Amino acid sequence: MTALQQTPQSGWNITGHEYAIDRLRRALAAQQVRHAYLFTGPEHIGKTLFAHRFAQTLLCVGGPDLRVAPQTPCNTCLSCRKVMHGNHPDLHIIVRPPDRQFILIEQIRALQSDSARKTLEGRRNVFIIEGAHEMNAQAANCLLKTLEEPEPDVVLLLTAPDPGLLLPTVLSRVQQITLRLLASTQIKSALQEQWGVDQEEAALIAALAAGRMGWAVQAVENEDLLAERKVQLETLAKLPTAGKVQRFEIAQRLSADTEKTRPVLELWLLWWRDMVLAAHHCLDLTVNVDMRDILAQQATQVGMREAERMAHAILGTMEALDQNVNTRAALEVLMLDLPVIT
Ligand SMILES: [Zn+2]
């Protein structure tokens, strides 16, 4: 064992997902790394981070034998540092261009020619395809060729929210690793221990993260995220006392930015789910821990049945929007559905 491997910094540095790390460590130990992996799980759960850490481990030169990858990245060797800084010449990232609807076939063709080349520094040519479900059929079929006859030193790491979004022919050639939601206690302690977040805020973020560490980290790093949530919730809390004109104004404002409609509705759904809990005297189970006073107060006025009806109405609106109904009309209907508190 080298001194580098013994340094306290070595590690996957991933919160949770122990069983998934364990699976990969066993493959590394047995030197039976497959040619292609697919990491799946909900948005913001940490699929991309996971793929990057695995890529780093595959390229790490801090292990006892330079010819084989260690089971854990050392985080200090030149190769590890290059991966962490995003400039390792043998790690290639493929992601949908922001102005395009799909990953382009040209990107997959570039992958093919890169994978046929000898590695520049490392022992492997590693490709990460972020959001592999965003390949159109043409690009996916092009990728199949590489999956069917991979060069010996090539490893492809794909990420997607759900395996069902990929072609069965692609699925049959990748090893699937499913990342699952973390317990909120796990997220809370990680935020306190690794990010130095105080207890109260860590509890709030962990509750809102709903099992997704990536979301929690975003909330810590971007204060606007929580501030915006607070503004949204305050508007929402006032809605039952608002008149028709005001409600329609909000529907109009919300429908003007369709990108934001869904996240706002998700927030509302959580709010009304909390209202149902509060109405059932289960305030301690609510997610919006910083708004419990308002929740408790409104729950007594709204009542269980109305709170439940509202949660269903929001779900119905979300489903309707998925069917491409007119956003403004759907939101106006929802606004009229809102209980009235005087
Ligand atoms: Zn290393």
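The coordinates are above.
This report concerns the structure included in the present document. Quick caveat, the model's predicted, so the values are computed rather than measured.

Parameters at a glance
Along every chain, residues carry numbers that run from 1 in the direction the sequence is written. Where totals are concerned, whole chains, interfaces and linings use all residues; where local detail is concerned, this predicted model gives features only for residues with pLDDT of at least 70, and gives and counts side-chain atom pairs only at 80 or more. Neither water nor hydrogens contribute to the side-chain values; these are computed over all heavy atoms in the structure. Two strands pair under a simple rule: DSSP has to find at least two bridges between them. Put simply, DSSP marks the helices as runs of H or I at least four residues long and the strands as runs of E at least two long, and each gets a number from the N terminus on. Between N-to-C directions, angles span 0 to 180 degrees; the directions come from axes that are lines fitted to C-alpha atoms, helices contributing only their stretch in contact. Note on contacts: a residue pair is in contact if any heavy atoms of the two residues lie within 4.5 Å. Throughout, exposure labels follow a simple rule: accessible area from a 1.4 Å probe, protein chains only, divided by the maximum for the residue type, with under 20% read as buried, over 50% as exposed, and the rest as partly exposed. By convention, a crossover is right-handed whenever its connection, traced from the first strand over the helix to the second and viewed with the strands pointing away, goes clockwise.

### Digging into the sheet that holds strand E2 (residues 91-94)
Logical step 1: With parallel pairing, 5 strands are arranged side by side in an open sheet as E2-E3-E4-E1-E5. Pairing within the sheet leaves two strands with one partner each, and these edge strands are E2 and strand E5 (175-178). Within this sheet the neighbouring strands show an average axis-to-axis angle of 20°, counted without direction.
Logical step 2: Pairing of E2 with strand E3 (residues 125-129) involves 4 bridges; the strand directions are parallel. Considered in E3, the bridge of Ile 94 is made with Ile 129.
Logical step 3: Each of strand E1 (36-40) and E5 touches helix H2 (residues 18-29); the most contacted strand, E5, lies at about 150° to it.
Logical step 4: Contacts from helix H3 (residues 47-59) reach E1, E2, E3 and strand E4 (154-160), with the element oriented near 170° to E4.

### Thoughts on the pairing of E4
Logical step 1: Counting buried residues in E4 gives 7 out of 7 residues, a clear majority hidden from the surface.
Logical step 2: Neither face of E4 is open: one carries Val 154, Leu 156, Leu 158 and Ala 160, the other Val 155, Leu 157 and Thr 159, and all of them are buried.
Logical step 3: Pairing between E1 and E4: 5 bridges, direction parallel. Note on E4: the bridge partner recorded for Phe 39 is Thr 159.
Logical step 4: By the bridge criterion, 5 bridges tie E3 to E4 in an arrangement that is parallel. Considered in E4, the bridge of Ile 128 is made with Leu 157.
Logical step 5: The handedness of the E3 to E4 crossover, carried by helix H6 (residues 137-148), is right-handed.

Taken by themselves, the reported measurements are silent on function.
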